[in-house]
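Topology and contacts: notes
Single-letter residue listing:
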Amino acid sequence: SRYYREVLPGEIVKISRYDVQTLDVVPRPEGDPSAFCIFEYVYFARPDSIFEGQMVYSVRKRCGQQLAIEAPVEADLVSTVPESATPAALGYAEKCGLPYVEVLCKNRYVGRTFIQPNMRLRQLGVAKKFGVLSDNFKGKRVVIIDDSIVRGNTISPIIKLLRESGAKEVHIRVASPPIRFPCYMGINIPTKEELIANRPEFLDLAKYIGADSVVYLSVEGLVSSVQESIKARQAIENSLKTQRSRAGKIGHCTACLTGEYPVELEW
C-alpha cells in the first residue's frame, strides 16, 4: 500500500481499481474555518498518521520542543511513560540539551488496567504494568513527559515507583493543555467533575500526584505546534500560485481545552 492523499472535509470519494474520483464536496458554511480535532494530534492518532499534510509524530515532537521553551527545569534527564509521549519527550530533551533516557519498561504480561473494577485496583495495576530501570536514574533529577493527564490517577503510582527506586526529583511536563470541558463531537471524555483540571486538587496538582512540579503546555503552544507546518506549506503554495490547496482557512477544534465549540450547542 502507499499513501495517496487525504480525503478533504466533506469530500465524497469513489475508489476503483482504475482511479480515485471526487464525486462531490459538501460545502462548508461561508467563512467558517475547518475544526479538525486537535486531540487527534495529542493522543488518539497513530504517530505515523498523516493529517493536513503533516505526520502526527512530527507534531508531537514540536509540542515537546514548545513545552521545553515554556517550561524548562533544572534536571539530569528526560524520559516518559512508555510510549505514547515518546516523540514529545524526544523533542523536549533535544530543545533542553538533556539526554533522553528510558526509566520504565512495559511488563508485557500484565493486562489492561483501565478495566479493573475500582480505582485502587487500577492504581495497583499501573504500578505492576511497568518495570523500573533504576540504574538509569538513581540519584538523578528526572523530567517525565506525559501526553495528557485526565483524571490524575495513573501518574501518581508511577511517580511513587520512581521515587522508591531512587529518583532524586520527579518533574512532570504535559505535552497538551488541561482538559476542562466535555466533547459533544463523539469523543468519550469523562464528565466535568471527573476531570482533574476542574477539581480543587488541581490548585496544587504537584502535591496531589506527588511530583516536584507539574506544568502543562499552553493552548497557544499546542495550536502553534500543530499549525506551524500547515502555515509554512500554505505560504509556499501561495507564493507558487498553485491551485492544489482546497482546505481553506486553517482551524482546529479546541473545545475540550477552551470550551469554545465549533458549532452552536442546542441544549
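Residues numbered from 1 in each chain as written. Predicted model: local features only at pLDDT ≥ 70, side-chain atom pairs only at ≥ 80, totals over all residues. Heavy atoms only, no water.

1. Comments concerning the overall build of the protein
When its secondary structure is counted, the protein shows eight helices and twelve strands. Across the 267 residues of the protein, 39% fall into the buried class. Here the contacts in the protein between residues at least 6 apart in sequence split such that 67% fall between residues at least 24 apart. A total of about 15,500 Å² of accessible surface is found on the protein, and carbon and sulfur atoms cover 52% of it. (Helix = DSSP H or I, 4+ residues; strand = E, 2+ residues; numbered from the N terminus. Buried < 20%, exposed > 50% of the residue type's maximum accessible area, 1.4 Å probe, protein only. Contact = heavy atoms within 4.5 Å. Areas by Shrake-Rupley, 256 points an atom, 1.4 Å probe, with all protein chains shown as cover.)

2. Considerations on the side chain of serine 79
Take serine 79: it is sitting in strand β6 (residues 77-80). Engagement of the side chain of serine 79 in a polar contact is seen with the backbone oxygen of valine 101, the distance being 2.6 Å. (Polar contact = N/O pair within 3.5 Å; in protein donor to acceptor, adjacent residues only side chain to side chain.)

3. Side note on helix α5 (residues 155-164)
Most of α5 is tucked away, with seven of its ten residues classed as buried. For α5, every residue scored as buried is listed here: Ile155, Ser156, Pro157, Ile158, Ile159, Leu161 and Leu162. Remark: glycine 166 follows α5 within two positions and exhibits a positive phi of approximately 115°.

4. Focus on the sheet that holds strand β9 (residues 141-146)
Overall, parallel pairing links the four strands, which are arranged β6-β9-β10-β11 in an open sheet. Each of the sheet's edge strands pairs with one partner strand only, and the pair in question is β6 and β11 (213-216). Neighbouring strand axes in the sheet, compared pairwise and without regard to direction, differ in orientation by 25° on average. Strand direction decides the pairing type here: β9 and strand β10 (residues 169-174), joined by six bridges, are parallel. The partner of isoleucine 145 across the bridge, within β10, is arginine 173. In this fold helix α2 (residues 56-70) packs onto β9, β10 and β11, with an angle of close to 120° to the strand it touches most, β11. In the packing of helix α3 (residues 86-96) onto the sheet, the strands contacted are β6, β9 and β10, and the crossing angle to β6 comes to about 170°. (Pairing = 2+ DSSP bridges. Axes fitted to C-alpha atoms, helices over the stretch in contact; angles between N-to-C directions.)

5. Considerations on the pattern of salt bridges
Proximity of charged atoms lets side chains of opposite charge pair with each other. Following the criterion strictly, the structure yields eight salt bridges and no others. Arginine 5 is the salt-bridge partner of glutamate 11, the closest N and O atoms lying 2.8 Å from each other. Classification of glutamate 11 as buried rests on a relative accessible area of 9%. The shortest N-O distance in the salt bridge between arginine 141 and aspartate 76 comes to 3.0 Å. In this pair, arginine 141 is assigned in strand β9 and aspartate 76 in the loop between α2 and β6, connecting sequence segments 65 residues apart. (Salt bridge = Lys/Arg side-chain N within 4 Å of Asp/Glu carboxyl O.)

6. A few points about the packing of aromatic side chains
One pair of aromatic rings is described through two measures. These are the centre distance and the angle between the planes. Considering all chains together, one arrives at seven aromatic pairs under this definition. Taking the centre distance of 5.9 Å and the plane angle of 85° together, the rings of tyrosine 41 and phenylalanine 51 count as edge-to-face. Of this pair, tyrosine 41 sits in helix α1 (residues 38-44) while phenylalanine 51 is found in strand β4 (residues 50-51), placing the two residues ten residues apart along the sequence. With a relative accessible area of 1%, tyrosine 41 lands in the buried category. Through successive ring pairs, a cluster of aromatic residues spans Phe36, Tyr41 and Phe51. (Phe/Tyr/Trp six-rings, centres within 6.5 Å; stacked < 30°, edge-to-face > 60°.)

7. What to know about the packing of α2 against helix α7 (residues 219-239)
When two helices pack together, their arrangement is given by the angle between the helix axes and by the axis-to-axis distance. Interhelical geometry of α2 versus α7 gives an angle of 135° and a closest axis separation of 9 Å. It follows from the interaxial angle that α2 and α7 lie oblique. Judged by the sense of rotation from one axis to the other, the crossing of α2 with α7 is right-handed. Contacts from Val59, Arg62, Cys63, Gln66 and Glu70 in α2 reach Gly221, Leu222, Ser224, Ser225, Val226, Glu228 and Ser229 in α7. (Parallel < 35°, antiparallel > 145°, perpendicular 65-115°, else oblique. Left-handed = near helix turned anticlockwise from the far one by under 90°.)

8. As for the pairing of β9
The element β9 is extensively covered by neighbouring structure, given that five of its six residues are classed as buried. Two elements, β6 and β9, share four bridges in a ladder whose sense is parallel. Bridging across to β9, threonine 80 finds its partner in isoleucine 145.

9. Some thoughts on the environment of alanine 75
Relative to the helices and strands, alanine 75 resides in the loop between α2 and β6. Between the C-alpha atoms of alanine 75 and valine 143, which are 68 residues apart in sequence, the distance is 6.7 Å. Filtering out sequence-adjacent residues up to four positions away, alanine 75 remains in contact with Leu98, Arg141 and Val143.

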